[in-house]
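Chains, contacts and geometry: an overview
Spelled out from the first residue to the last, the chains are:
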Amino acid sequence: NAGVTQTPKFQVLKTGQSMTLQCAQDMNHEYMSWYRQDPGMGLRLIHYSVGAGITDQGEVPNGYNVSRSTTEDFPLRLLSAAPSQTSVYFCASRTGRQPQHFGDGTRLSIL
Amino acid sequence: GQQLNQSPQSMFIQEGEDVSMNCTSSSIFNTWLWYKQDPGEGPVLLIALYKAGELTSNGRLTAQFGITRKDSFLNISASIPSDVGIYFCAGQPYSGGSNYKLTFGKGTLLTVNP
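Residues and elements named next belong to chain B. Burial of the side chains of strand β2 (residues 10-14) is restricted to one face: M11 and I13 are buried, whereas none of S10, F12 and Q14 on the reverse face is. Relative to strand β11 (residues 108-113), β2 runs parallel, the two sharing five bridges. Bridging from a neighbouring strand, F12 pairs with T111 of β11.

On to the layout of surface pockets. Over the atoms rolls a probe the size of a water molecule, and in doing so it shows where empty space is left. For the second largest pocket, the calculated volume is near 340 Å³. Around the second largest pocket sit 19 residues that line it, and D38, P39 and G40 of chain A together with I86 and K106 of chain B are the ones nearest its centre. Of all the secondary-structure elements, those providing two or more residues to the lining of the second largest pocket are β4 (31-38) and β9 (87-94) of chain A together with β9 (85-92) and β11 of chain B. At three residues, β9 of chain A tops the list of elements feeding residues into the lining of the second largest pocket. A class-by-class count of the residues in the lining of the second largest pocket yields seven nonpolar, nine polar and three charged.

Take the pattern of salt bridges next. Residue and element names in this part refer to chain A. On inspection of all chains with the given rule, the structure shows four salt bridges over all chains. Here R36 ties to D38 by a salt bridge, and the two come within 2.8 Å at their closest N and O atoms. Across this residue pair, the class does not change: R36 and D38 are buried. Taken together, the shared-partner salt bridges connect R36, D38 and R44 into one network.

Here we come to the sheet that holds strand β3 (residues 19-25) of chain B. Residues and elements named next belong to chain B. Taken in spatial order, the five strands make up an open sheet running β1-β3-β8-β7-β6, and their pairing is antiparallel. Edge positions in the sheet fall to β1 (4-7) and β6 (55-58), since each has one partner strand and no second. The sheet shows a mean angle of 15 degrees between the axes of neighbouring strands, direction not considered. One ladder, built from six bridges, connects β3 with strand β8 (residues 71-76); its direction is antiparallel.

A word on the environment of A81 of chain A. Here A81 of chain A shows up in the loop between β8 (76-78) and β9. With near-sequence residues (within four places) excluded, A81 of chain A lies in contact with L13, K14, T15, G16, Q17 and I110 of chain A.

Residues and elements named next belong to chain A. Counted by the stated rule, this structure contains two disulfides over all chains. Disulfide pairing is shown between C23 and C91; the S-S distance is 1.9 Å. For the disulfide bridge between C23 and C91, the dihedral angle about the S-S bond is near -75 degrees, and by the sign convention the bridge is left-handed. Taken together, the positions of C23 in strand β3 (residues 19-25) and C91 in strand β9 put the pair 68 residues apart, joining distant regions of the chain.

Each value, and the rule that gives it
- Residues numbered from 1 in each chain as written.
- Chains lettered and ligands numbered in written order.
- Predicted model: local features only at pLDDT ≥ 70, side-chain atom pairs only at ≥ 80, totals over all residues.
- Heavy atoms only, no water.
- Buried < 20%, exposed > 50% of the residue type's maximum accessible area, 1.4 Å probe, protein only.
- Helix = DSSP H or I, 4+ residues; strand = E, 2+ residues; numbered from the N terminus.
- Pairing = 2+ DSSP bridges.
- 1 Å grid on protein atoms, 1.4 Å probe; cavity = no way out; pocket = protein on both sides within 12 Å on 5 of 7 lines; lining within 4 Å.
- Points joined across faces, edges and corners; volume = space filled by probe spheres on them.
- Nonpolar A, V, L, I, M, F, W, Y, C, P; charged D, E, K, R; others polar.
- Salt bridge = Lys/Arg side-chain N within 4 Å of Asp/Glu carboxyl O.
- Axes fitted to C-alpha atoms, helices over the stretch in contact; angles between N-to-C directions.
- Contact = heavy atoms within 4.5 Å.
- Disulfide = S-S within 2.5 Å.

Shape is all these values report; function is a separate question.
Right, here's the structure in full:
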(Lines give C-alpha, C1' and ligand atoms only; values in the text may rest on other atoms or scores of the structure.)
Protein backbone atom coordinates (compact mmCIF):
# COMPACT_ATOMS: atom_id res chain seq x y z
CA ASN A 1 0.00 0.00 0.00
CA ALA A 2 2.65 2.46 -1.06
CA GLY A 3 1.81 6.14 -0.61
CA VAL A 4 -0.57 6.11 2.38
CA THR A 5 1.16 5.77 5.75
CA GLN A 6 -0.72 5.17 8.98
CA THR A 7 0.70 5.32 12.47
CA PRO A 8 0.62 3.67 14.89
CA LYS A 9 -0.09 0.14 13.63
CA PHE A 10 -1.37 -1.02 17.01
CA GLN A 11 -2.65 0.83 20.07
CA VAL A 12 -4.32 -0.07 23.34
CA LEU A 13 -6.16 2.63 25.25
CA LYS A 14 -8.15 2.87 28.42
CA THR A 15 -11.70 4.18 28.34
CA GLY A 16 -11.69 7.96 28.45
CA GLN A 17 -8.20 8.44 27.07
CA SER A 18 -7.62 10.52 23.98
CA MET A 19 -5.36 9.87 21.04
CA THR A 20 -4.69 10.80 17.45
CA LEU A 21 -4.34 8.35 14.59
CA GLN A 22 -2.00 9.72 11.97
CA CYS A 23 -2.40 9.44 8.22
CA ALA A 24 -0.07 10.86 5.59
CA GLN A 25 0.05 10.50 1.82
CA ASP A 26 2.74 11.60 -0.59
CA MET A 27 0.75 11.39 -3.82
CA ASN A 28 -0.69 14.94 -3.69
CA HIS A 29 -4.20 13.48 -3.54
CA GLU A 30 -6.93 15.95 -2.77
CA TYR A 31 -9.38 13.44 -1.31
CA MET A 32 -8.67 11.66 1.98
CA SER A 33 -10.94 9.64 4.21
CA TRP A 34 -11.11 7.52 7.34
CA TYR A 35 -12.95 4.21 7.63
CA ARG A 36 -13.46 1.77 10.44
CA GLN A 37 -13.74 -1.96 9.83
CA ASP A 38 -15.65 -4.21 12.18
CA PRO A 39 -16.48 -7.91 11.72
CA GLY A 40 -19.49 -8.36 9.46
CA MET A 41 -19.87 -4.61 8.90
CA GLY A 42 -17.51 -3.99 6.02
CA LEU A 43 -15.87 -0.58 5.75
CA ARG A 44 -17.79 2.35 7.20
CA LEU A 45 -16.87 5.95 6.43
CA ILE A 46 -16.12 8.11 9.48
CA HIS A 47 -14.97 11.45 8.02
CA TYR A 48 -13.60 12.62 4.72
CA SER A 49 -11.92 15.63 3.18
CA VAL A 50 -11.99 16.96 -0.37
CA GLY A 51 -9.03 19.26 0.15
CA ALA A 52 -6.99 21.19 2.68
CA GLY A 53 -9.26 23.07 5.07
CA ILE A 54 -12.39 21.12 4.06
CA THR A 55 -13.80 18.18 6.01
CA ASP A 56 -17.19 16.51 6.26
CA GLN A 57 -18.91 13.74 8.15
CA GLY A 58 -19.37 10.25 6.86
CA GLU A 59 -21.62 7.45 8.00
CA VAL A 60 -20.34 7.04 11.58
CA PRO A 61 -18.74 10.34 12.71
CA ASN A 62 -19.76 10.43 16.39
CA GLY A 63 -16.82 10.35 18.79
CA TYR A 64 -14.27 11.34 16.16
CA ASN A 65 -12.79 14.64 15.01
CA VAL A 66 -10.66 15.40 11.97
CA SER A 67 -8.79 18.32 10.49
CA ARG A 68 -6.97 18.88 7.20
CA SER A 69 -4.40 21.63 7.54
CA THR A 70 -2.23 20.30 4.71
CA THR A 71 -2.83 18.22 1.59
CA GLU A 72 -0.59 15.46 2.94
CA ASP A 73 -1.97 14.88 6.44
CA PHE A 74 -5.40 13.87 7.73
CA PRO A 75 -5.31 12.94 11.44
CA LEU A 76 -8.23 11.29 13.22
CA ARG A 77 -8.79 12.21 16.86
CA LEU A 78 -10.59 10.27 19.54
CA LEU A 79 -11.32 12.77 22.32
CA SER A 80 -12.60 10.28 24.91
CA ALA A 81 -12.15 6.68 23.86
CA ALA A 82 -14.99 4.23 24.39
CA PRO A 83 -14.97 0.41 24.08
CA SER A 84 -17.32 0.72 21.09
CA GLN A 85 -14.46 2.36 19.22
CA THR A 86 -12.40 -0.81 19.31
CA SER A 87 -11.85 -1.46 15.63
CA VAL A 88 -9.42 -1.43 12.75
CA TYR A 89 -9.09 2.02 11.22
CA PHE A 90 -8.10 2.63 7.62
CA CYS A 91 -7.09 5.86 5.96
CA ALA A 92 -7.46 6.22 2.20
CA SER A 93 -6.70 8.81 -0.46
CA ARG A 94 -7.41 9.38 -4.13
CA THR A 95 -7.43 12.00 -6.84
CA GLY A 96 -10.26 12.76 -9.23
CA ARG A 97 -12.07 9.65 -10.36
CA GLN A 98 -9.11 7.39 -9.67
CA PRO A 99 -9.56 4.50 -7.20
CA GLN A 100 -8.74 4.93 -3.55
CA HIS A 101 -5.44 3.83 -2.09
CA PHE A 102 -5.59 2.45 1.45
CA GLY A 103 -3.06 2.44 4.26
CA ASP A 104 -2.27 -0.73 6.19
CA GLY A 105 -4.53 0.17 9.09
CA THR A 106 -4.35 0.93 12.80
CA ARG A 107 -5.63 -1.76 15.14
CA LEU A 108 -7.12 -0.03 18.17
CA SER A 109 -8.34 -1.67 21.36
CA ILE A 110 -10.19 0.25 24.05
CA LEU A 111 -10.25 -1.41 27.45
CA GLY B 1 -28.53 5.85 2.01
CA GLN B 2 -27.18 3.69 -0.74
CA GLN B 3 -26.93 0.00 -0.09
CA LEU B 4 -24.65 -2.55 -1.67
CA ASN B 5 -25.52 -6.21 -1.36
CA GLN B 6 -22.47 -8.41 -1.83
CA SER B 7 -22.80 -12.15 -2.11
CA PRO B 8 -21.90 -14.68 -1.08
CA GLN B 9 -20.73 -13.68 2.38
CA SER B 10 -18.21 -16.52 2.40
CA MET B 11 -16.96 -19.29 0.17
CA PHE B 12 -14.94 -22.40 0.88
CA ILE B 13 -13.53 -23.96 -2.28
CA GLN B 14 -10.92 -26.43 -3.47
CA GLU B 15 -7.76 -25.25 -5.17
CA GLY B 16 -8.26 -25.11 -8.93
CA GLU B 17 -11.95 -24.25 -8.79
CA ASP B 18 -13.42 -21.11 -10.30
CA VAL B 19 -15.06 -18.51 -8.07
CA SER B 20 -17.78 -15.97 -8.72
CA MET B 21 -19.06 -13.19 -6.49
CA ASN B 22 -21.29 -10.21 -7.16
CA CYS B 23 -22.63 -6.94 -5.88
CA THR B 24 -25.99 -5.33 -6.50
CA SER B 25 -27.09 -1.83 -5.71
CA SER B 26 -30.38 -0.06 -5.18
CA SER B 27 -29.08 2.89 -7.19
CA ILE B 28 -26.90 3.63 -10.18
CA PHE B 29 -23.13 3.81 -9.89
CA ASN B 30 -20.64 5.50 -12.20
CA THR B 31 -17.66 3.46 -11.04
CA TRP B 32 -17.27 -0.05 -9.69
CA LEU B 33 -14.15 -1.15 -7.84
CA TRP B 34 -13.03 -4.53 -6.57
CA TYR B 35 -10.55 -4.77 -3.69
CA LYS B 36 -8.86 -7.66 -1.93
CA GLN B 37 -7.82 -7.56 1.71
CA ASP B 38 -5.22 -9.97 3.07
CA PRO B 39 -5.20 -10.67 6.81
CA GLY B 40 -3.69 -7.80 8.76
CA GLU B 41 -3.42 -5.49 5.78
CA GLY B 42 -5.40 -2.80 4.03
CA PRO B 43 -7.56 -3.36 0.95
CA VAL B 44 -5.67 -3.43 -2.32
CA LEU B 45 -7.30 -2.53 -5.62
CA LEU B 46 -7.79 -5.43 -8.04
CA ILE B 47 -9.90 -4.00 -10.83
CA ALA B 48 -11.58 -0.67 -11.60
CA LEU B 49 -14.56 -0.38 -13.95
CA TYR B 50 -15.76 2.92 -15.39
CA LYS B 51 -18.23 2.10 -18.15
CA ALA B 52 -21.47 0.15 -18.26
CA GLY B 53 -20.89 -3.23 -19.90
CA GLU B 54 -17.14 -3.01 -19.43
CA LEU B 55 -15.38 -6.35 -18.94
CA THR B 56 -11.86 -6.13 -17.54
CA SER B 57 -9.32 -8.79 -16.68
CA ASN B 58 -6.30 -8.79 -14.36
CA GLY B 59 -4.56 -12.13 -14.67
CA ARG B 60 -6.96 -14.81 -13.43
CA LEU B 61 -9.46 -12.18 -12.32
CA THR B 62 -12.26 -10.84 -14.49
CA ALA B 63 -14.82 -8.23 -13.49
CA GLN B 64 -17.78 -6.71 -15.29
CA PHE B 65 -19.72 -3.48 -14.90
CA GLY B 66 -23.40 -4.37 -15.30
CA ILE B 67 -25.42 -2.84 -18.12
CA THR B 68 -27.99 -1.45 -15.67
CA ARG B 69 -25.16 0.26 -13.70
CA LYS B 70 -26.59 -1.37 -10.57
CA ASP B 71 -24.43 -4.47 -10.41
CA SER B 72 -20.99 -5.91 -10.91
CA PHE B 73 -19.39 -9.31 -10.63
CA LEU B 74 -15.90 -10.67 -10.06
CA ASN B 75 -14.70 -14.05 -11.27
CA ILE B 76 -11.51 -15.81 -10.22
CA SER B 77 -10.41 -18.70 -12.39
CA ALA B 78 -8.32 -21.68 -11.28
CA SER B 79 -8.06 -20.55 -7.66
CA ILE B 80 -4.82 -20.95 -5.73
CA PRO B 81 -4.13 -20.81 -1.97
CA SER B 82 -2.92 -17.19 -2.10
CA ASP B 83 -6.37 -16.12 -3.31
CA VAL B 84 -7.50 -16.44 0.30
CA GLY B 85 -8.77 -13.18 1.72
CA ILE B 86 -11.73 -10.84 1.84
CA TYR B 87 -12.97 -9.38 -1.43
CA PHE B 88 -14.84 -6.09 -1.38
CA CYS B 89 -16.84 -4.37 -4.05
CA ALA B 90 -17.26 -0.61 -3.94
CA GLY B 91 -19.39 1.73 -5.99
CA GLN B 92 -19.27 5.44 -6.63
CA PRO B 93 -22.26 7.39 -7.89
CA TYR B 94 -21.95 10.00 -10.60
CA SER B 95 -21.38 13.32 -8.94
CA GLY B 96 -19.90 15.87 -11.27
CA GLY B 97 -16.81 15.81 -9.09
CA SER B 98 -17.96 16.86 -5.62
CA ASN B 99 -19.38 13.63 -4.19
CA TYR B 100 -16.50 11.66 -2.78
CA LYS B 101 -18.26 8.88 -0.99
CA LEU B 102 -17.69 5.30 -1.98
CA THR B 103 -20.17 2.71 -0.83
CA PHE B 104 -18.65 -0.64 0.12
CA GLY B 105 -20.14 -4.09 0.17
CA LYS B 106 -19.66 -6.11 3.35
CA GLY B 107 -17.17 -8.41 1.71
CA THR B 108 -16.83 -12.02 0.59
CA LEU B 109 -14.49 -14.18 2.66
CA LEU B 110 -12.76 -16.66 0.39
CA THR B 111 -11.06 -19.76 1.73
CA VAL B 112 -9.14 -22.05 -0.63
CA ASN B 113 -8.40 -25.59 0.43
CA PRO B 114 -5.10 -26.84 -1.07
